[in-house]
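# Coordinate inspection notes
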Amino acid sequence: MLNDRKQKYEEGKMTNSTNSENNEEKSEEHMDVRLNHCLAYVLHTSGTTGIPKIVRVPHACILPNIQHFRLLFEITQEDVLFLASPLTFDPSVVEIFVALSSGACLLIVPASVKVLPSKLAAVLFSHHRVTILQATPTLLRRFGSQLIKSTVLSASTSLRVLALGGEAFPSLAVLKSWRGVGNKTQIFNIYGITEVSSWATFYKIPEKFLNSTLKCELPVPLGFPLLGTVVEVRDTNGFTIQEGNGQVFLGGKNRVCFLDDEMIVPLGTMRATGDLVTVKDGEMLFLGRKDSQIKRYGKRLNIEFVQQVAEGLQQVESCAVTWYNQEKLILFMVSKNDVVKEYIFKELQEHLPSHAIPDELVLIDSLPFTSHGKIDVSELNKIYLNYINLKSECKLSGKEELWEKLQHLWKSILSLSEHPLKVPDESLFLNSGGDSLKSIRLLSEIEKLVGTSIPGLLEIILSSSILEIYNHVLQTVFPDEDLLFSKNYAMKRKFNDINQEEISGKSLPQKSVLTLSCDNELAAFISVSRGSQILSLNSEFLTKLGLGSSARSSDLISQTNIQNVTSLNPPALTGQSKDPSCVAEVSHEGTSVIEAKKMELHVRWRTDTGKCVDASPLIVISAAAKSSVTVYIGSHSHRMMAVDLYSGKVKWEQILGGRIESSACVSKCGNFIVVGCYNGLVYVLKSNSGEEYWMFTTKDAVKSSATMDPTTGLLYIGSHDQHAYALDIYKKKCVWKLKCGGTVFSSPCLSLIPHHLYVATLGGLLLAINPATGNTVWKHSCGKPLFSSPRCCLQYICIGCVDGNLLCFTHFGEQVWQFSTSEPIFSSPCTSASEQEIFFGSHDCFIYCCNTKGHLQWKFETTSQVYATPFAFCYQDCSNEMLLAAASTDGKLWILESKSGRLQSVYELPGQVFSSPVVWESMLLIGCRNNYVYCLDLLGGHQI
């Protein structure tokens, strides 16, 4: 059957007369396994689509596949084929011999790379430029829709041919959503069974279907028989049909294999596939596996149809459906972003009949798959079993028990277990000693307690009272229960209603040193902040500093040039030593013991701020006061301080209206310092005195640090009220505000070319914003919270994610690569002066260095989680060596060679560290949770 259409499609390339083969099948010819050179290989079927079998495959059965695919895919010596299938899966034979018989290149990668989608994508399409990929749909889905669109099926991809088989082919709608604009990859649906090894039919998706904007609900046809193959569709009585529903049978004169104990098989034997199709107008449309047909609520249902509909939903990255214990229809789903289960069910009800709606939806991080690249149903059943066991073990008797257990978790995570009293209803997590790390833990414990994921809970934990957290959980677990309201905290306090006297705090009397300058009176200065960010303003000042005319006004200068900025300050301490490869031992407080040490850190001064210092220092070097460099930093004590860099003497301090975690930012004119506060205000203080100049009110806590646009003087900052703001401090007004779809915890990042502002949210969104208008240019959902701040370089934007990945995007929003660590990333990336290396830390206790292609250069293991942002700098000894300063949360400061990651020095502070180090000349500044800001001298080894 289908012979006429096949011949028309191949346009005379091949002939395959089904009729002549049918005549030959009537002969008494047999194939004997005992004949010499009969068999090519023997394998076991996986059993994922039926009962496991031993299959012995003759040369004559597999050879036609190789011959036909060479012609079909037009393989040349220039092609690179990826060996996607393991040797235990018969498509691997086709991949190997199609490549070798054509003189093409066969790419074989280690299993350790195959399991990491981002690394695999880089290997296939960046390093080796694969042109032919034969894979299961599940293997392709593991790249994720964003990576498929930006890399695998992009306009610039190396991939000429994508052949998907081994599982149900994705719908046309899903396929179209995966293709990047301008992609020209030829896409094939290939179908077959191991019992007639390996492939039986092919169908090339017409380009007009892929480019069509019309919605198509029909499945992709199975297509035309391959060389030497006979395809039949038989009804339940075993009769061949030309229209209607039936089961596919495959065979051919030589397309015969030996199953289990078979020794002799008649030529032309037809094998039942267990696959159901409908034949319409000569097209075979796949309906699903025979064993996937179930009877539910008295009606027939194919569970693969449910899966295909679910996969077509916008929020679904990938999914699978199982018929658990023959009684429950379970939908397993990997979501593109935070989703509400009720919303998914509502969407399904619009596309599925009532008897096809799943009993339960289980959200998972990724689909499990077998070694053959297919969905692992047995593993999914285990996941569901664990899911229901967890729910039954943690089943709560009612809302009272939920409240009690929430109080217990609260005390346990915040180390308040000894506190006998009930936690007050209005208690805020962050004000009670919580932080970002503990919030993730509380989220995990609550979801474990109730046995389900709770969308939006993380933001509630970070911004709301324990009572509001309880009510949010209550709505998910006991939706019919009434919510609780505290008598004295019935609704959230609005920040813009706070008494202005309360928020302003009190200012310590100080003398004003400089008169106030506004926008047209630019003071020359350099500012240095976390992540090696150096901002210079006024080129004349830079020339005096020895940076030369190449350094432009209002520009960022790299740390490599900082070695020349010496005219303001005393000569840097110098020193050198070789071969620092050693194991560092850290002794008690205040000392650093290193074998073969090259450098030591000594405390120059420390200043008590009254409470924990989680903010990072800002250093400002002003031309107006050449002998003085000022450090600006705030703390949990509500104090904002200005400290002399060399002496540690406090120049001024200002008491603000709440806790300060935001790091300070300097204005364009250099006369103001801008900082966010827990009370929802953004404070603009005079840099010379700390006097309040202006206060801007948001509707929730501001932990984000401001970013200044040197071209306009505007300041950009985020708030927990889910908005990003552009402020004109000179006109004392908000130029625009944008709702970002989630809490803005991290700091915005500004790119001058193109002129974009990048903002990240705890809802997992990365947004590119037009800084002039506040309009969204593009946005990308990372799926998990973004505590890390984005970092720009000339070509890319990088950001760390709680899922453990460092993500890299172009300025147009295309994901270029992702680098995976084993734990969440809270640390913000930092780049080298050349922008060729990216440094960051992870909760897996490592400091990483990778290049701009996402390849690991080195990693260094610390003794605790790395929350802070590293700082790359040039050490001003005679070697001008590039170093990296980093901090782990246990209080240790690490100095590494930035090129090799070799340890230079380690120093332990007497408290936890969440502040990021900042280096100027040979001094390192950092805050500590023992209430102090530290300035440490970096001393060369031969001087000690």
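Residues numbered from 1 in each chain as written. Predicted model: local features only at pLDDT ≥ 70, side-chain atom pairs only at ≥ 80, totals over all residues. Heavy atoms only, no water.

- Going by the annotation in an unreviewed UniProt entry, the name recorded for the chain is Beta-alanine-activating enzyme isoform X3, with Acinonyx jubatus given as the source organism.
- As recorded by UniProt, the Sequence similarities (unreviewed entry) comment attached to the chain reads in full: "Belongs to the ATP-dependent AMP-binding enzyme family." (UniProt positions renumbered as here; feature names shortened; annotations may be inferred.)

## A closer look at the overall build of the chain
- A tally of regular secondary structure across the chain gives 19 helices and 58 strands.
- Taking the intrachain contacts of the chain between residues at least 6 apart in sequence as the baseline, contacts between residues at least 24 apart amount to 56%.
- Taken as a whole, the chain presents about 38,500 Å² of accessible surface, with 51% of it coming from carbon and sulfur. (Helix = DSSP H or I, 4+ residues; strand = E, 2+ residues; numbered from the N terminus. Contact = heavy atoms within 4.5 Å. Areas by Shrake-Rupley, 256 points an atom, 1.4 Å probe, with all protein chains shown as cover.)

## Considerations on unusual backbone geometry
- Between serine 197 and the following residue, serine 198, the backbone shows a cis peptide bond with an omega angle of 5°.
- When you line up the elements, serine 198 lands in the loop between strand 8 (186-191) and strand 9 (201-204).
- Residue isoleucine 753 is joined to proline 754 through a cis peptide bond whose omega torsion reads -5°.
- The topology assignment puts proline 754 in the loop between strand 40 (749-751) and strand 41 (756-760).
- Phi is positive for glutamate 74, which is not a glycine, with a value near 50°.
- Take glutamate 74: it is sitting in the loop between helix 3 (59-72) and strand 4 (80-82).
- By relative accessible area, glutamate 74 is classed as partly exposed at 48%.
- Phi is positive for histidine 638, close to 80°, though the residue is something other than glycine.
- Take histidine 638: it is sitting in the loop between strand 29 (629-634) and strand 30 (639-644).
- Overall, histidine 638 belongs to the partly exposed group, its relative accessible area being 29%. (Buried < 20%, exposed > 50% of the residue type's maximum accessible area, 1.4 Å probe, protein only.)

## Observations regarding the nonpolar core
- Counting 62 residues, the largest nonpolar core has Phe69, Phe73, Phe82, Phe143 and Ile205 as the members making the most contacts within it.
- Not counting residues within four places of it along the chain, the set of residues in contact with isoleucine 205 comprises Phe169, Leu172, Leu175, Ile187, Leu210 and Val220.
- In this structure, Ile534, Ala615, Ile619 and Val643 belong to the second largest nonpolar core, which totals 43 residues. (Core = buried A, V, L, I, M, F, W, Y, C linked by side-chain atoms within 4.5 Å.)

## Points about the state of the cysteines
- Under the criterion given, the structure shown has zero disulfides.
- No disulfide involves cysteine 928; its sulfur sits 8.4 Å from the nearest other cysteine sulfur, which is in cysteine 612. (Disulfide = S-S within 2.5 Å.)

## Things to note about the packing of aromatic side chains
- For the structure shown, the criterion picks out 26 aromatic pairs.
- Ring centres of tryptophan 403 and tyrosine 470 lie 5.0 Å apart, and the angle between their planes is 75°; this geometry places the pair in the edge-to-face category. Separated by 67 residues along the polypeptide, tryptophan 403 in helix 14 (residues 399-413) and tyrosine 470 in helix 17 (residues 466-477) bring together distant segments of the chain.
- By relative accessible area, tyrosine 470 is classed as buried at 1%.
- Feature note: the residues Phe745, Phe787, Phe826, Tyr867 and Phe914 constitute an aromatic cluster, connected by ring pairs.
- Directly above the ring of phenylalanine 249 sits arginine 234, whose terminal nitrogen or CZ lies 4.1 Å from the centroid. (Phe/Tyr/Trp six-rings, centres within 6.5 Å; stacked < 30°, edge-to-face > 60°. Lys NZ or Arg CZ within 6 Å of the ring centre and 35° of its normal.)

## So, the sheet that holds strand 33 (residues 672-676)
- One open sheet accounts for four strands, arranged 32-33-34-35; its pairing is antiparallel. Either end of the sheet is taken by a strand with one partner, and the two such strands are strand 32 (665-666) and strand 35 (692-697).
- Where strand 33 lies against strand 34 (residues 681-686), five bridges are found, and the strand directions are antiparallel. Paired with valine 675 across the strands is tyrosine 683, a residue of strand 34. (Pairing = 2+ DSSP bridges.)

## Remarks on helix 8 (residues 145-152)
- Among the eight residues that make up helix 8, six are buried, leaving the element largely enclosed by the rest of the structure.
- Taken as a whole, helix 8 has its buried residues at Ser145, Leu147, Ile148, Ser150, Thr151 and Val152.
- Those residues of helix 8 hidden inside the fold are in contact with helix 6 (117-127), helix 7 (137-141), helix 9 (172-178), strand 19 (316-324) and strand 47 (815-820).

## Describing the pairing of strand 29
- Across the six residues that make up strand 29, a large majority, six, are buried.
- Note: strand 28 (residues 618-622) against strand 29, four bridges, orientation antiparallel. In the strand pairing of strand 29, valine 620 is matched with threonine 630.
- In terms of strand pairing, strand 29 meets strand 30 through five bridges, oriented antiparallel. Across the sheet, glycine 634 pairs through a bridge with methionine 640, a residue of strand 30.
- What sits between strand 29 and strand 30 in their antiparallel hairpin is a turn of four residues, with histidine 638 showing a positive phi close to 80°.

## Thoughts on the environment of threonine 370
- Within the secondary structure, threonine 370 sits in the loop between strand 21 (360-363) and helix 13 (377-393).
- The exposure class assigned to threonine 370 is buried, which follows from its relative accessible area of 15%.
- For threonine 370 and threonine 138, which are 232 residues apart along the polypeptide, the C-alpha to C-alpha distance reads 9.7 Å.

## Considering the confidence of the model for the chain
- Considering every residue of the chain, the mean pLDDT works out to 81; 81% of them sit at 70 or more.
- Scored below 50 in pLDDT, residues 487-520 shows 62 contacts in the model against residues more than four places distant or in partner chains.
- Within the model, the stretch residues 539-597 combines pLDDT values under 50 with 139 contacts to residues more than four positions away or in other chains. (pLDDT = per-residue confidence, 0-100.)

## What about the pairing of strand 9?
- Two elements, strand 8 and strand 9, share four bridges in a ladder whose sense is antiparallel. Paired with asparagine 189 across the strands is tyrosine 203, a residue of strand 9.
- Where strand 9 lies against strand 10 (residues 224-225), two bridges are found, and the strand directions are antiparallel. Bridging from a neighbouring strand, threonine 201 pairs with proline 225 of strand 10.

## Some thoughts on the pattern of salt bridges
- Tallied over the full model, the rule gives 21 salt bridges.
- Between lysine 405 and glutamate 401 there is a salt bridge, and its shortest N-O distance comes to 3.1 Å. In this pair, lysine 405 and glutamate 401 are both assigned in helix 14, four residues apart and thus about one turn of the helix distant.
- The exposure class of lysine 405 is partly exposed, given its relative accessible area of 33%.
- Residue arginine 639 is joined to glutamate 653 by a salt bridge in which the shortest nitrogen-to-oxygen separation is 3.7 Å. On the criterion of sequence distance, the pair formed by arginine 639 in strand 30 and glutamate 653 in strand 31 (residues 650-655) is long-range, its members being 14 residues apart. (Salt bridge = Lys/Arg side-chain N within 4 Å of Asp/Glu carboxyl O.)

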